[in-house]
Amino acid sequence: MKFIFVTGGVLSGLGKGITASSIGKLLQCRGLKVSAIKIDPYLNIDAGTMNPFEHGEVYVLDDGGEVDLDLGNYERFLDISMTSGNNITTGKVYQTVIDKERRGDYLGKTVQIIPHVTNEIKERITKVARDSNSDVTIVELGGTVGDIESMPFLEAVRQLSVEVGRDENCTFVHTTLVPILGSVGEQKTKPTQHSVKELMALGIKPDVIVGRASDYLDEGIKAKISMFCDVSKDAVVSAPDARSIYEVPIILERQGVSDLIVRKMRLKPLTKQIDLRTWEGFLKRIIEPREHVNIAIVGKYTDLADSYLSHLEALNHAGAMEDCGVCFVFVDSDRLINEDPAKVMGDVHGILVPGGFGIRGVEGKIAAARYARENKLPYAGVCLGFQVATIEIARDLMGLQDANSTEFDASTSSPVIDIMPEQKGLEAKGATMRLGAEMVNIKEGSKAHSLYGATEVWERHRHRYEVNPDYIESFEKAGWIFTGRCEEGHRMEMGELQGHPFFMATQFHPEFKSRPERPSPLHSGLLRAALDRKKSF
Ligand code: GLN
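Owing to the predicted nature of the structure, the values given are computational and were not obtained by experimental measurement.

A. Representation of the packing of helix α5 (residues 113–132) against helix α6 (residues 151–164) in the model. Closest axis-to-axis distance for the α5/α6 pair is 9 Å, and the angle between their directions is 65 degrees. Accordingly, the angle class assigned to the pair α5 and α6 is roughly perpendicular. Crossing of α5 over α6 shows right-handed handedness. Of the residues in α6, those in contact with Ile 113, Ile 114, Val 117, Thr 118, Ile 121, Lys 122, Ile 125 and Thr 126 of α5 are Pro 152, Phe 153, Glu 155, Ala 156, Val 157, Gln 159, Leu 160 and Glu 163.

As structure tokens, this is what we get:
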């Protein structure tokens, strides 16, 4: 087992996840099998209950795991599918340890952070490495060195490094900030020195230091970090501002990072030279596209773009295919209640309404769907975005004026969206969510079919409500055709509106399976329709 442990110093938000994903990408491009683990030192069991406003989107995996959005970066960069075991949290670790204690598994011993909690952490890390059968497992430790909550994890990886072989089988990569001060513009190394000192006090000596700064690190600064932090100079790597996150692997490789790690861990890559040509082509289309379209993202978490991260990436992937950049216009859905949508979104070529929970913002999203439908503006809806489109069509095309979802109005006379039958009666106690990948059947000859090119697809879910089957016939009569269905046709998964250039929505979340080389079909459809719209004007 070989591990790369990625820690962070000075402050959070340095792009540690992108650095770790990029290192993984480089090793993968040299023919090595790579897997990844994200450690989140919070007490939540998983990200499922977290507010997107604070933490960004909740990313959903095939197995239904609701995890930190960094796992999305790993899946996108490495084109792998992960499971909830790839996201280790303090909550998961403590829950297992306490369950074991209650069962008497510790045979009367005093249960302690060391060794019981640290053993559980090591157990979870090595399980992923074993099960994935990878040459290298990247372990990213969330938080910043020095935080109380990450101590057990740092101790666990320190122990693990000794057990598997500190020299050959481990690389510690420490990411830090190199700030630039005042008018002189001098890069300062002191914060890096301090955070490395803190790491060393915990028994971990970094092998590679990645210095985040707006620019490349000066040679003198590299030498200084090398001397003060006891790493060789070629192991001090710059992480300057990039034009796109997808540029980071290329920036790191220019500094010889993959060779550095291959040498350090005596890895046996299949290739001596790295082939990043496909990636470079993709990057070029991302940063220098031939043209642009404006896509509105209508939601209630628009103040934090990370809340919609996978959608933004899916549209970027779709754009790269068409050599078209995407300018995102974030629209707080509440604005659409009192303001004229034409004023707010006058210059957009397409609208995306992503998922969401709770009543706030819903009427504005319905207004967005109406504006798109009436103006023949390309529309894509995902999950709640599918449900609001359905409600809008019921209200305006079917004359069911108080049509709603029972999530927002329990006493509506037209509950066109209703709790899933298996969850009925559990609303108050907290119904459980339908989570993870399930097969969706796509109707032949539909637009969905031409986008997917298949009649059976696996897509990820995260919802409690769905289209009420009682209304299916009337919807289809009104032109809202359910071209994607699940479970013998009882569960509506996709809708497309007839007589509209592109008005399509899905109950599932295609954004989570979008990859640079294989963009989400829904997002591609929206992007292409937006391009057509732009050209026709
Ligand atoms: N709130 C809706 C439901 O639970 C939509 C969920 C979502 O958009 N992820 O069904």
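This is not the end of the story, as more comes after the structure.
B. Representation of the site of the ligand within the structure. Close contacts around the ligand come from Gly 355, Gly 356, Phe 357, Cys 383, Leu 384, Gln 387, Glu 407, Arg 462, His 463, Arg 464, Tyr 465 and His 509, and that covers them all. Within the backbone of Arg 462, a nitrogen or oxygen atom sits 2.9 Å from a nitrogen atom of the ligand. A distance of 3.0 Å separates an oxygen atom of the ligand from a polar backbone atom of Arg 464. Those elements that provide at least two residues to the shell around the ligand are α16 (384–397) and β19 (456–463). Of the residues belonging to the shell around the ligand, the class tally is four nonpolar, five polar and three charged.

C. Region of the structure containing the sheet that holds strand β17 (residues 415–419). Taken together, the three strands give an open sheet; going across it, the order is β16-β17-β20, and neighbouring strands pair in mixed fashion. At either margin of the open sheet sits one strand with a lone partner, and together these are β16 (404–405) and β20 (465–467). Relative to β17, β16 is paired through two bridges, and the arrangement is parallel. Counted as the bridge partner of Ser 405 is Ile 417 from β17. Across the sheet, α16 touches β16, β17 and β20, and the angle it forms with β17 is around 150 degrees.

Basis of the calculations
Residues numbered from 1 in each chain as written. Predicted model: local features only at pLDDT ≥ 70, side-chain atom pairs only at ≥ 80, totals over all residues. Heavy atoms only, no water. Axes fitted to C-alpha atoms, helices over the stretch in contact; angles between N-to-C directions. Helix = DSSP H or I, 4+ residues; strand = E, 2+ residues; numbered from the N terminus. Parallel < 35°, antiparallel > 145°, perpendicular 65-115°, else oblique. Left-handed = near helix turned anticlockwise from the far one by under 90°. Contact = heavy atoms within 4.5 Å. Near = heavy atom within 4 Å. Polar contact = N/O pair within 3.5 Å; in protein donor to acceptor, adjacent residues only side chain to side chain. Nonpolar A, V, L, I, M, F, W, Y, C, P; charged D, E, K, R; others polar. Pairing = 2+ DSSP bridges.

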